[in-house]
Each structure stands twice: as structure tokens, then as C-alpha cells.
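Take a look at the letters that make up each chain.
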Amino acid sequence: MKYEPLVMHLKVECKGRKNARKGSELEHSLHISGNELRRRVNRLRREGVPIGSSADGYYYAVTAGEVYSTIRQLRAMANGLEAAIVGLENALNSFGENEGGENEGGESK
């Protein structure tokens, strides 16, 4: 899948951080939704494609520094998500045992 249109577009039009493109621009150019763009970026990164991102948008990383910068950004996001999970787990203490809802398996009680 490394020759997917997104990769080809980034390699040609968005090579290096200085050529980053906003997600909305890529969505328009590739005729895909924001959700689809994020799914593709995630899948391609998992396959080892060096897609970088910053406040300026997405780009095809051309240096190790650009990759490291994106890794730091993703780790910060992961830490934020983990903190939100912990906060929600703490919020569970405010709910009574006999209240409706779902159990840990996602099934209704």
C-alpha cells in the first residue's frame, strides 16, 4: 500500500515539514473525508511510511528529526488520552452500583 495516492501525493507535494499541508487541503485534493485521511495516515504509519505531522499539517518526513518530532507529538497525545481514561475511571466512583448502563464488556446490565 506504499504507493497509495496519499503517499504519492505527500512524496511529491509535501516533502519535508516546510511543505506540510493542512488536512483539509489533503481531503480536498484526494477527495476523502477527514476521518478517512486520519485512518489512512494511521495505517500507513503502522506500515512504516514516514508521514510526519505538525500544527502546519501532514508531510512526508525526509529527516530523522522530522520523524522524532512527530513521535513526540503522538506520545503527548497518547499521554493525554491516558489521563482522560484515568479521569473517567475515577468518575465511575460517583455512580452507584445499581444504576443502569453498561458493564466492562460494553453490554447493558
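No experiment lies behind these values; they were computed from the predicted model shown.

Participant: Help me get a handle on the pairing of strand β2 (residues 57-60), residues and values and all.
Facilitator: As defined by bridge partners, strand β1 (residues 51-54) adjoins β2 across four bridges and the pair is classed as antiparallel. By the bridge assignment, I51 is partnered in β2 with Y60. In this antiparallel pair of consecutive strands, β1 and β2, the connection spans two residues.

Participant: Which residues make up the nonpolar core, and what values do they have?
Facilitator: L6, L10, L37, I51 and Y58 are the most contacted members of the largest nonpolar core, which has 17 residues in total. Looking at this core, the elements that each hand over two or more residues are α1 (5-13), α2 (23-30), α3 (34-46) and β2. Residues in contact with L10, not counting those within four places in the same chain, are K15, L26, I51, Y58, Y59 and Y60.

Participant: Could you give an account of a nonpolar patch on the surface, naming the residues involved and the relevant values?
Facilitator: Together, V67, Y68 and I71 line one region of the surface with nonpolar side chains, adding up to about 260 Å² of accessible area. Within the secondary structure, Y68 sits in helix α4 (residues 64-91). Take Y68: its relative accessible area is 54%, and that puts it in the exposed class.

Participant: Explain α3 to me, using residue names and the numbers behind them.
Facilitator: Spanning 13 residues, α3 covers 18 Å between terminal C-alpha atoms, matching the ideal 18 Å at 1.5 Å per step. All of the buried residues in α3 are G34, L37, R40, V41 and L44. Axial view of α3: buried residues confined to an arc of 125°, hence all on one face. In the core, the buried residues of α3 are packed alongside α1, α2, β1 and β2. A positive phi of about 95° marks G48, the residue just after α3.

Thresholds, definitions, all that
- Residues numbered from 1 in each chain as written.
- Predicted model: local features only at pLDDT ≥ 70, side-chain atom pairs only at ≥ 80, totals over all residues.
- Heavy atoms only, no water.
- Pairing = 2+ DSSP bridges.
- Helix = DSSP H or I, 4+ residues; strand = E, 2+ residues; numbered from the N terminus.
- Core = buried A, V, L, I, M, F, W, Y, C linked by side-chain atoms within 4.5 Å.
- Buried < 20%, exposed > 50% of the residue type's maximum accessible area, 1.4 Å probe, protein only.
- Contact = heavy atoms within 4.5 Å.
- Patch = residues over 30% accessible without salt bridge, like charges linked within 9 Å, V, L, I, M, F, W, Y side chains within 5 Å.
- Areas by Shrake-Rupley, 256 points an atom, 1.4 Å probe, with all protein chains shown as cover.
- Salt bridge = Lys/Arg side-chain N within 4 Å of Asp/Glu carboxyl O.
- Expected span 1.5 Å × (residues − 1).
- Arc of directions from axis to C-beta.

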